[in-house]
Amino acid sequence: MTDNITDGKEFTSNDGQEAQKNKEDDNSDKPKKQAVLAPLPMEWTQMACPDATKDLAPVDTVRYPWDVMDLPNADTNMDFLEIVGTAGQKVTRMGNVSQRYPNLESLVLRSHLIRTMDGLANFNKLEVLELYDNIIDELRGLNNEDTRSNGEGGAGIPGKLLRVLDISYNVIRDMAPVEFCPNLQELYIAQNKIKTIKGLRHLKHLRKIDLGANRIRVMEEAELEGLVNLEELWLGKNKIEKIEGLSKLTKLRRLDVQSNRLTKVENLTAQVDTLEELYLAHNGIDIEGAKCETGLALHFSVLNTLDLSRNRLSDTTPFAHLTSLIELWISGNDIKSYQDIDSLSNLTNLEGIYLEYNPVASEFEYRKKLAELVPSLSQIDANMIGGLGSHGYASAVPGGDLGTEERMRQLQDIVLQNAAKESAVAADGK
């Protein structure tokens, strides 16, 4: 075996191996240090699952509003109660809330674990009921017959005076019981499991409905035609294939049918003088579908916002005549050349446009040429043009965007001009 010399000491490789083995033997009894990660806060994922260390799952634990908030046993003068369950304990039962506080005008129990709408039988003045973000699977308790059949009794009129009902983010499948709320002005049932529009035909006071993120396939005319005062209809994220049922909605100002299955924009004749905002993003609308005579081919007099992002448009001709437009969102289509957007020059009131994610947005000097084509623009995509409008310069700068150095020079000029004006005023005052 070859000897090795280190620091004047002689040892063989066998000696080195032996020393290493002895060192390992000395450390064999010592505990090894290991990194210990803190447990992730995953309790919220187990809300509906029994815990082995507990008798009940969180949703089965009986917890009333007065268990999570310091409330009096009874109060006939209380007119407002709001408990938001985003922090702390969550309410699981509504209990006899209308017996304890019969004169409530507003009841808000948002983001809890309530399964059943109960305890409403004795309300006589309730105008606002918000049960947003719970696990309610059935609309009940809105009329006296309903409360009696459930054994609650009570002489109240829980649904009759309601002006606002918000039961979004639950698991409701049937919306028909809203018919027991004849004075509703705002109805929110977004993000549930509703397949058919029901219970609306006699709600003539409704001004706003949100039925987004459900499973609706048809805009039922029989249900919508009675909503003569409706101003906003939100139907995004459903399975609707055709815009219809709006012939009697002559006061409609906002219509949202984005993220559906539309291929045409049609049946909007009744809204030609009232529609202000139209949202149709994420559908399958092409040029022909956007030119229907009862759709965008109409001369809408007050339409200021049009969203056709993520469709199948290849040019901007379908809305070249809509001179009232202030905002036009057509990103994510198939608009390829400057020739395809020439018609935008007719939109003399246009202030903001989204064209990103179209092939034309990759063209040389895209922003500059677009600003020249539509001089009224103050914003292209997510960026302001120039950015000096608040300092006295026009928002749309001829010749395209300003560089940082040029912006700083102009701002400096403005400061000097203002200083000169102030000095002149001071001199005149002496």
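Residues numbered from 1 in each chain as written. Predicted model: local features only at pLDDT ≥ 70, side-chain atom pairs only at ≥ 80, totals over all residues. Heavy atoms only, no water.

1. Quick look at the overall build of the protein
Turning to step 1, where the next piece is worked out: A count of helical and extended segments in the protein gives 7 helices and 16 strands.
Turning to step 2, where the next piece is worked out: For the protein, the proportion of its 430 residues judged to be buried stands at 42%.
Turning to step 3, where the next piece is worked out: For the protein, long-range pairs separated by at least 24 residues make up 45% of all intrachain contacts whose partners lie at least 6 apart in sequence.
Turning to step 4, where the next piece is worked out: When the accessible area of the protein is evaluated, it comes to approximately 23200 Å², of which 48% is carbon and sulfur surface. (Helix = DSSP H or I, 4+ residues; strand = E, 2+ residues; numbered from the N terminus. Buried < 20%, exposed > 50% of the residue type's maximum accessible area, 1.4 Å probe, protein only. Contact = heavy atoms within 4.5 Å. Areas by Shrake-Rupley, 256 points an atom, 1.4 Å probe, with all protein chains shown as cover.)

2. Focus: the pairing of strand β3 (residues 80–84)
A regular strand places its side chains on the two faces of the sheet in alternate fashion.
Turning to step 1, where the next piece is worked out: Residues of β3 alternate between two faces, with L81 and I83 buried on one and F80, E82 and V84 left unburied on the opposite face.
Turning to step 2, where the next piece is worked out: Pairing of β3 with strand β4 (residues 106–110) involves 5 bridges; the strand directions are parallel. Residue F80 lies in a different strand from β4, and its bridge partner there is S106. (Pairing = 2+ DSSP bridges.)

3. Brief notes about the pattern of salt bridges
Turning to step 1, where the next piece is worked out: Applying the stated rule across the entire model yields 11 salt bridges.
Turning to step 2, where the next piece is worked out: Across the pair R110 and E130 runs a salt bridge, and its minimum N-O distance is 2.4 Å. With R110 in strand β4 and E130 in strand β5 (residues 128–130), this pair connects stretches of sequence that are 20 residues apart.
Turning to step 3, where the next piece is worked out: The partly exposed category is assigned to R110, whose relative accessible area is 25%.
Turning to step 4, where the next piece is worked out: When its relative accessible area of 13% is taken as the criterion, E130 is described as buried.
Turning to step 5, where the next piece is worked out: The partner of E186 in a salt bridge is R207, and the shortest N-O contact between them spans 3.7 Å. (Salt bridge = Lys/Arg side-chain N within 4 Å of Asp/Glu carboxyl O.)

4. Quick look at the pairing of β4
Turning to step 1, where the next piece is worked out: Of all 5 residues that make up β4, 4 are buried, and the element is covered over most of its length.
Turning to step 2, where the next piece is worked out: Here β4 pairs with β5 via 3 bridges, running parallel. The residue bridging L107 from the neighbouring strand is L129, located in β5.

5. Remarks on unusual backbone geometry
Turning to step 1, where the next piece is worked out: Located in the positive-phi region is D133, a residue other than glycine, with phi close to 60°.
Turning to step 2, where the next piece is worked out: Locating D133 in the fold gives a position in the loop between β5 and α4 (144–149).
Turning to step 3, where the next piece is worked out: Notably, S259 is not glycine yet its phi reads approximately 55°, a positive angle.
Turning to step 4, where the next piece is worked out: Assignment of secondary structure puts S259 in the loop between β10 (254–256) and β11 (277–279).

6. Some thoughts on helix α6 (residues 366–373)
Turning to step 1, where the next piece is worked out: Buried within α6 we find Y366, R367, L370 and A371. Buried residues of α6 fall within an arc of 125° about the axis and therefore sit on the same side.
Turning to step 2, where the next piece is worked out: Packed against the buried residues of α6 are β14 (352–354), β15 (379–380) and β16 (383–384). (Arc of directions from axis to C-beta.)

7. Looking at a positive patch on the surface
Turning to step 1, where the next piece is worked out: Taken together, R173, K195, R215, R217 and R261 make up a surface patch of like positive charges.
Turning to step 2, where the next piece is worked out: Its place among the elements puts R217 in the loop between β8 (208–210) and α5 (221–224). (Patch = residues over 30% accessible without salt bridge, like charges linked within 9 Å, V, L, I, M, F, W, Y side chains within 5 Å. Lys, Arg positive; Asp, Glu negative; His and termini not counted. Charge placed at Lys NZ, Arg CZ, Asp CG, Glu CD.)

8. Digging into the packing of aromatic side chains
Turning to step 1, where the next piece is worked out: Tallied over the entire structure, the rule returns 6 aromatic pairs.
Turning to step 2, where the next piece is worked out: Aromatic side chains W234 and Y279 sit 5.8 Å apart centroid to centroid with 20° between the ring planes, which places their arrangement in the stacked category. Taken together, the positions of W234 in strand β9 (residues 232–234) and Y279 in strand β11 put the pair 45 residues apart, joining distant regions of the chain.
Turning to step 3, where the next piece is worked out: Judged by its relative accessible area of 12%, Y279 falls in the buried class.
Turning to step 4, where the next piece is worked out: Three or more aromatic residues link up through ring pairs in this structure, and these residues are W234, Y279, W329 and Y354.
Turning to step 5, where the next piece is worked out: Over the ring of W66 we find R100; its NZ or CZ atom is 3.8 Å from the centre of that ring. (Phe/Tyr/Trp six-rings, centres within 6.5 Å; stacked < 30°, edge-to-face > 60°. Lys NZ or Arg CZ within 6 Å of the ring centre and 35° of its normal.)

9. Looking at the confidence of the model for the protein
Turning to step 1, where the next piece is worked out: For the protein, the average pLDDT comes to 84, and 75% of its residues sit at 70 or higher.
Turning to step 2, where the next piece is worked out: In the model, residues 1–13 has pLDDT below 50 throughout and makes 12 contacts with residues more than four positions away in sequence or in other chains.
Turning to step 3, where the next piece is worked out: Of the regions scoring below 50 in pLDDT, residues 388–401 engages in 24 contacts with residues more than four places distant in sequence or in other chains. (pLDDT = per-residue confidence, 0-100.)

10. Section: the nonpolar core
Turning to step 1, where the next piece is worked out: L107, L129, L200, L278, F319, L328 and L355 are the most contacted members of the largest nonpolar core, which has 89 residues in total.
Turning to step 2, where the next piece is worked out: Secondary-structure elements contributing two or more residues to this core are β3, β4 and α6.
Turning to step 3, where the next piece is worked out: The leading source of residues in this core is α6, at 3 residues.
Turning to step 4, where the next piece is worked out: Excluding residues within four positions of it along the chain, L200 makes contact with M175, V178, L187, L206, I209, E223, L224 and L227. (Core = buried A, V, L, I, M, F, W, Y, C linked by side-chain atoms within 4.5 Å.)

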